[in-house]
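Listed below are the residues making up each chain.
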There are 2 protein chains.
Amino acid sequence: MSDKRFSAERLLRFTNAIFVDAGIPDEDASVAAGVLLASDLRGIESHGIARLFHYTEMLHCGRVNPRPDIHIAHETPSTATVEGDNGLGLVVGPRACEIAMDKAELAGSGWIAVRGSNHFGIAGYYVMRALARDMIGWAMTNASPWVAPLWGAERRLGTNPIAIAFPGLKEPPVVIDMATSVVAYGKIEIARRNGESIPPDWAVDELGQPTTDPNEVPGGGALAPLGTDRERGGHKGYCLAAMVDLLTGVLPGANWGPFVPSFWPRNGEPEQRGGQGIGHFFGAMRIDGFGPADEFKSRVDEWIKCMRETKPAAGTDGPLIPGDCERESERERSANGIPLSAAVVATLDELSRKTGVPF
Amino acid sequence: MSDKRFSAERLLRFTNAIFVDAGIPDEDASVAAGVLLASDLRGIESHGIARLFHYTEMLHCGRVNPRPDIHIAHETPSTATVEGDNGLGLVVGPRACEIAMDKAELAGSGWIAVRGSNHFGIAGYYVMRALARDMIGWAMTNASPWVAPLWGAERRLGTNPIAIAFPGLKEPPVVIDMATSVVAYGKIEIARRNGESIPPDWAVDELGQPTTDPNEVPGGGALAPLGTDRERGGHKGYCLAAMVDLLTGVLPGANWGPFVPSFWPRNGEPEQRGGQGIGHFFGAMRIDGFGPADEFKSRVDEWIKCMRETKPAAGTDGPLIPGDCERESERERSANGIPLSAAVVATLDELSRKTGVPF
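Along each chain, residue indices are assigned from 1 in the same order as the chain's sequence is written. Naming scheme: in the order in which they are written, chains are lettered from A and ligands are numbered from 1. Thresholds applied to this predicted model are a pLDDT of at least 70 for local features of residues and 80 or more for the giving and counting of side-chain atom pairs; totals over whole chains, interfaces and linings are not thresholded and use all residues. Processing note: side-chain calculations cover all non-hydrogen atoms of the structure and skip hydrogens and water entirely.

**Things to note about the pairing of strand E4 (residues 109-117) of chain A**
All names here are of chain A.
Right, on to step 1. Throughout, exposure labels follow a simple rule: accessible area from a 1.4 Å probe, protein chains only, divided by the maximum for the residue type, with under 20% read as buried, over 50% as exposed, and the rest as partly exposed. Each helix corresponds to a stretch of at least 4 residues labelled H or I by DSSP, and each strand to a stretch of at least 2 residues labelled E; elements are numbered beginning at the N terminus. Where burial is concerned, most of E4 is hidden: 8 out of the 9 residues are buried.
Right, on to step 2. Note on pairing: two strands pair once DSSP finds at least 2 bridges between them. The pairing of strand E3 (residues 79-83) with E4 spans 5 bridges and is classified as parallel. Along E4, the bridge assignment pairs Thr81 with Ala113.
Right, on to step 3. Summarising the sheet, E4 and strand E10 (residues 278-286) pair through 7 bridges and their orientation is antiparallel. Paired with Ser117 across the bridge in E10 is Ile278.

Right, dumping it as structure tokens:
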């Protein structure tokens, strides 16, 4: 890893200032920068400051509303649809997640479907916010179509992640945050850049057949759903992606399936529309809505220890607990700084030149 | 298929009478029989009347309480933990599911974690009950350990299914009901009976290494999580099984992970206990808690049509909608009767002899 490292504080300050320069109110800019940096700290570079340039581009070209009127469009004590008014997903997401937790405070749980939003960063960020309030947090989002349904030969669904977190008492929390495709598109890009082939389980070509050529994916193919084919449970990955699309897109009236707009403004837009913007779904459940919180958390500790004590498979160190890798990354990067590739640093330098914000 | 066919009505009547004979109150027996037969009608024979003999055995040997005091142990307006008092899962499940829907009626959504229950049949049964009340239904359950966590070499988690259903307006509903392992244990049993090998993606041996010998699974190996290995997303299947175990087992204080009791009384019991009985988790969300119900259902129709219109992969008829196969089975079996193997018929004959209930 020869990438240069930058302190989280420096990147946070810069990101914040860039968002303010793009017209985002101070408080929202600070939240949005926090979401992006959480991703870099947790080692998910693909969703972090590497995207700042594109977020800014969307703000500058007017595709995203810097001062959205985020509001509840419809509600009950424990549910609501939130209208994001085409704001930055990094602003709409945290607001909607807060509403879910506030409802949970009063009604025991809160469930928020969001329309008119944009890409919200990592789903894991949202579910971890619930931990401090002794809640179990849920988050899902749909995304632009890269995945074929099982037995399909075209892109119809996003990598549609599911996240959920459970607090431990003395143990760190269990934090699940997973795409519902076999792999994220990023892995295809890495193989393309390196001129390598991919395993035949990751993607299909434009006929819907397994391919080992990563160029087939942007060339008219698609990512495979988790499980890959029928024999190995590809219908289950498709079901999960469908569930997320129905909860995040169809339920609130956001775009869904093939109509979810691309993250990259230069890719153009789908011609047809299924609704407003991108959709999310957040949940929060008060742990003491089910029983004494400390008793639950102490049982989570037992569960974690039990899984760690599982007999290791040959050639491995044994099972991890969901969230272990990201937590280790956060610890290491908080201490030593966040490594950024030369290409990402170049986009930050360009942003600095364009805006006059010192990097 | 040379199996003899029996009308659903006949099997329902018999099942009902057998449960009553085993000491279950009339109303509960009727509900329980309905859950079992729903499984046979939907083509999931493994969870249907084929299990009646064993359910009865558990009642007769006193391992299951025929007249449980099912009650709310802890609650908020939208959440509760339900104590199943060691009742039949086919009785406790429907009761808890009803409580979830009743809470949703008042608070917008209802979320019920259940302890002290037993195997509840197919998860799909529960989520379909919500459709008639214009709700989105969720159901999960843990189950006795057959699955290894990724990088583990022993059984620590059940096949822990996730189910959710969304109503259409003119289209039939989307009904998702999926185990979080690559395959159910039933597929291993079929291969064993036929002396066939299994694909290397389904299971691991006692060293945690892929195996094609189905005898390795009961012999000390385990089923693989959905995704199988790290390269193909096996950590995601493990995450899903963990999520279900934490929500169904750890949250309400049921047994979890390796401590979930076996369905088969003759298998004995885990020595250590993690809590009470088996655990479930039910959710119900009023659709009009998010917006006008008919608008949502008409968007579901559009979503279904769009997925059906996906370009088919070579050699296939194109993607199905989750629930298609089970609905077709239900239509066909309602018309022509439910096929039962000679072995299952023999268990029903034996039950009839033992109890005097005419089959």
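**Section: the sheet that holds E10 of chain A**
All names here are of chain A.
Right, on to step 1. Reading across from one edge, E2-E3-E4-E10-E5-E6-E7 is the order of the 7 strands in this open sheet, with mixed pairing throughout. Since the sheet does not close on itself, it has two edges, and those belong to strand E2 (71-75) and strand E7 (174-178), each with one partner. Along the sheet, successive strands turn relative to each other by an average axial angle of 15 degrees, direction set aside.
Right, on to step 2. As paired strands, E2 and E3 are joined by 4 bridges and run antiparallel to one another. The residue bridging His71 from the neighbouring strand is Glu83, located in E3.
Right, on to step 3. Contacts were defined at the residue level, with two residues in contact if any of their heavy atoms lie within 4.5 Å. The convention used is that axes are lines fitted to C-alpha atoms, helices contributing only their stretch in contact, and that angles between N-to-C directions extend from 0 to 180 degrees. Contacting strand E5 (135-141), strand E6 (162-166), E7 and E10, helix H5 (residues 123-131) runs over the sheet at an angle of about 165 degrees to E5.
Right, on to step 4. Contacting E4, E5, E6 and E10, helix H7 (residues 234-250) runs over the sheet at an angle of about 95 degrees to E5.

**Some remarks on the interface of chain B and chain A**
Right, on to step 1. If you look at the interface, chain B gives 91 residues, while chain A gives 90 residues.
Right, on to step 2. Two parts lose some accessible area (1.4 Å probe) when they are put together, and adding that loss for both gives the buried area. Between chain B and chain A, roughly 7300 Å² of surface is buried when both sides are summed, and carbon and sulfur atoms account for 70% of that area.
Right, on to step 3. Here, a salt bridge means any Lys or Arg side-chain nitrogen found within 4 Å of an Asp or Glu carboxyl oxygen. At the junction of chain B with chain A, the criterion picks out 2 salt bridges.
Right, on to step 4. A salt bridge links Arg232 of chain B to Asp201 of chain A; its shortest N-O distance comes to 3.8 Å.
Right, on to step 5. Distance and chemistry together define a polar contact, namely a pair of N or O atoms within 3.5 Å, with one atom able to donate a hydrogen and the other to accept it when in protein, and with adjacent residues in sequence counting only for side-chain atoms on both sides. Taken together, chain B and chain A are joined by 44 residue pairs in polar contact (both at pLDDT 80 or more).
Right, on to step 6. With 10 residues, the top contributor of residues to the side of chain B that touches chain A is helix H7 (residues 234-250) of chain B.

**Focus on the packing of aromatic side chains**
Aromatic ring pairs are defined here through the distance separating the ring centres and the angle between the ring planes.
Right, on to step 1. Each aromatic pair joins two rings of Phe, Tyr and Trp (for Trp, the six-membered one) with centres within 6.5 Å, and gets the label stacked for planes under 30 degrees apart, edge-to-face for over 60, and tilted for any other angle. Counted by the stated rule, this structure contains 26 aromatic pairs over all chains.
Right, on to step 2. Linked through ring pairs, Trp111, Trp138 and Phe281 of chain A together with Trp111, Trp138 and Phe281 of chain B together constitute an aromatic cluster.
Right, on to step 3. Only when the NZ atom of a Lys or the CZ atom of an Arg is both within 6 Å of the ring centre and within 35 degrees of the ring normal do we say a charge sits over the ring. The ring centre of Phe359 of chain A lies 4.6 Å from the NZ or CZ of Arg10 of chain A, which sits over that ring.

**Regarding the environment of Val64 of chain A**
All names here are of chain A.
Right, on to step 1. Relative to the helices and strands, Val64 is located in the loop between helix H3 (52-60) and E2.
Right, on to step 2. When its relative accessible area of 2% is taken as the criterion, Val64 is described as buried.
Right, on to step 3. For the pair Val64 and Gly257, spaced 193 residues apart in sequence, the C-alpha separation works out to 21 Å.

**A word on the relation of the copies chain B and chain A**
Right, on to step 1. Only residues with pLDDT of at least 70 in both copies count here: their C-alpha atoms drive the least-squares fit that superposes the copies. Rotating chain B by 180 degrees about the axis while translating it 0.0 Å along that axis superimposes it on chain A, leaving an RMSD of 0.0 Å. Taken together, the rotation and translation describe the operation of a two-fold axis. Judged by C-alpha distance, Gly227 of chain B is the residue of chain B that lies nearest the rotation axis, at 2.4 Å.
Right, on to step 2. An overlap of 99% is found between the interface residues of chain B and their copies at the interface of chain A, pointing to a shared contact surface.

**What to know about the pairing of E5 of chain A**
Residues and elements named next belong to chain A.
Right, on to step 1. Most of E5 sits inside the fold, with 7 of its 7 residues counted as buried.
Right, on to step 2. Because side chains alternate across E5, one face comprises the buried residues Met135, Gly137, Ala139 and Thr141, and the other comprises Ile136, Trp138 and Met140, equally buried.
Right, on to step 3. When E5 meets E10, the two strands line up antiparallel, connected through 7 bridges. For Trp138, the partnering residue across the bridge sits in E10 and is Gly283.
Right, on to step 4. Sheet analysis places E5 next to E6, joined by 4 bridges and oriented antiparallel. Bridge pairing in E6 links Ala139 to Ala163.

**Looking at the nonpolar core**
Right, on to step 1. Put simply, buried Ala, Val, Leu, Ile, Met, Phe, Trp, Tyr and Cys residues joined by side-chain atoms within 4.5 Å make one nonpolar core. Counting residues in each nonpolar core, the largest one holds 102 residues, and the members touching the most others are Trp138 and Trp303 of chain A together with Trp138 and Trp303 of chain B.
Right, on to step 2. For Trp138 of chain B, the contacting residues outside a window of four places in its chain are Trp138, Met140, Leu247 and Phe281 of chain A together with Trp111, Val127, Ala163, Ile164, Phe281, Phe282, Gly283 and Met285 of chain B.

**Some remarks on unusual backbone geometry**
Residue and element names in this part refer to chain B.
Right, on to step 1. The backbone phi angle of Asn86 is positive, close to 60 degrees, even though this residue is not glycine.
Right, on to step 2. In this structure, Asn86 sits in the loop between strand E3 (79-83) and helix H4 (89-107).
Right, on to step 3. With relative accessibility at 30%, the residue Asn86 sits in the partly exposed group.
Right, on to step 4. Positive phi values are uncommon outside glycine, yet Trp151 reaches one of about 75 degrees.
Right, on to step 5. Tracing the backbone shows Trp151 in the loop between strand E5 (135-141) and strand E6 (162-166).

**Focus on helix H9 (residues 324-336) of chain B**
Residue and element names in this part refer to chain B.
Right, on to step 1. Helix span, as expected, comes to 1.5 Å for every residue beyond the first. With 13 residues, H9 extends 18 Å between its outermost C-alpha atoms, agreeing within 8% with the 18 Å of an ideal straight helix rising 1.5 Å per residue.
Right, on to step 2. Of the residues making up H9, those classed as buried are Asp324, Ser329 and Arg333. Viewed end-on, H9 has its buried residues packed into an arc of 150 degrees, placing them on one side of the element.
Right, on to step 3. Where the residues of H9 are buried, they touch strand E1 (4-6), helix H2 (26-41), helix H8 (293-308) and strand E11 (338-340).
Right, on to step 4. Gly337 lies just past H9 and shows a positive phi near 95 degrees. The arc under discussion is defined with respect to the helix axis, by the directions toward the C-beta atoms.

**Digging into the pattern of salt bridges**
Right, on to step 1. Taken as a whole, this structure holds 46 salt bridges over all chains when the rule is applied.
Right, on to step 2. A salt bridge links Glu98 of chain A to Arg129 of chain A, with the shortest nitrogen-to-oxygen separation between them at 2.5 Å. Within this pair, whereas Glu98 of chain A is found in helix H4 (residues 89-107), its partner Arg129 of chain A is found in helix H5, the two being separated by 31 residues in sequence.
Right, on to step 3. Here Glu98 of chain A falls in the partly exposed class, since its relative accessible area comes to 28%.
Right, on to step 4. The partner of Asp324 of chain A in a salt bridge is Arg327 of chain A, and the shortest N-O contact between them spans 2.5 Å. Within this pair, Asp324 of chain A and its partner Arg327 of chain A are both found in helix H9 (residues 324-336), separated by 3 residues, close to a single helical turn.
Right, on to step 5. When its relative accessible area of 25% is taken as the criterion, Arg327 of chain A is described as partly exposed.
Right, on to step 6. It is possible to trace a salt-bridge network through shared partners that takes in Asp201, Asp229 and Arg232 of chain A together with Asp201, Asp229 and Arg232 of chain B.

**As for the side chain of Asp245 of chain A**
Right, on to step 1. Tracing the backbone through its elements, the reader meets Asp245 of chain A in helix H7.
Right, on to step 2. Counted as positive: Lys and Arg. Counted as negative: Asp and Glu. His and the chain ends are not counted at all. Arg156 of chain A is the oppositely charged side chain nearest to the buried, salt-bridge-free Asp245 of chain A, at an N-O distance of 9.5 Å.
Right, on to step 3. A polar atom in the side chain of Asp245 of chain A sits 3.2 Å from the side chain of Asn142 of chain A.
Right, on to step 4. The residues contacting Asp245 of chain A, other than those within four sequence positions of it, are Asn142, Leu157, Asn160, Val250, Trp256 and Gly257 of chain A together with Trp303 of chain B.

**A short note on the state of the cysteines**
Right, on to step 1. Put simply, a disulfide is two cysteine sulfurs that come within 2.5 Å. All told, the structure shown has 0 disulfides over all chains when counted by the stated rule.
Right, on to step 2. Of the cysteine sulfurs around Cys306 of chain B, a residue in no disulfide, the closest is that of Cys239 of chain A, at 16 Å.

**Examining the side chain of Asn160 of chain A**
Right, on to step 1. Looking at the element boundaries, Asn160 of chain A is found in the loop between E5 and E6.
Right, on to step 2. Those residues in contact with Asn160 of chain A that lie beyond four places of it in its chain are Thr141, Asn142, Ala143, Thr180, Ala241, Val244 and Asp245 of chain A.

**Quick look at the domain arrangement of chain A**
All names here are of chain A.
Right, on to step 1. Note: domain ranges come from an automatic or database domain assignment. What the domain assignment lists for chain A is domain 1 (1-67 + 336-359) and domain 2 (68-182 + 224-309).
Right, on to step 2. Here domain 1 and domain 2 have C-alpha centroids that lie 23 Å from each other.
Right, on to step 3. In this complex, domain 1 contributes 25 residues to the contact, which on the side of domain 2 involves 26 residues.
Right, on to step 4. Between domain 1 and domain 2, a total of about 2300 Å² is buried, with carbon and sulfur atoms accounting for 65% of that surface.
Right, on to step 5. The largest share of the area that domain 1 buries against domain 2 comes from Val35, Tyr55 and Arg63, three residues that together contribute 28% of it.
Right, on to step 6. Between the two partners, domain 1 and domain 2, sit 1 salt bridge.
Right, on to step 7. Of the charged contacts, one joins Asp28 and Arg95 as a salt bridge, the two residues approaching to 3.3 Å between their closest N and O atoms.
Right, on to step 8. Summed over the shared surface of domain 1 and domain 2, the number is 6 residue pairs in polar contact (both at pLDDT 80 or more).
Right, on to step 9. Of all elements in the fold, only helix H2 (26-41) and H3 reach the threshold of two or more residues within the side of domain 1 that touches domain 2.

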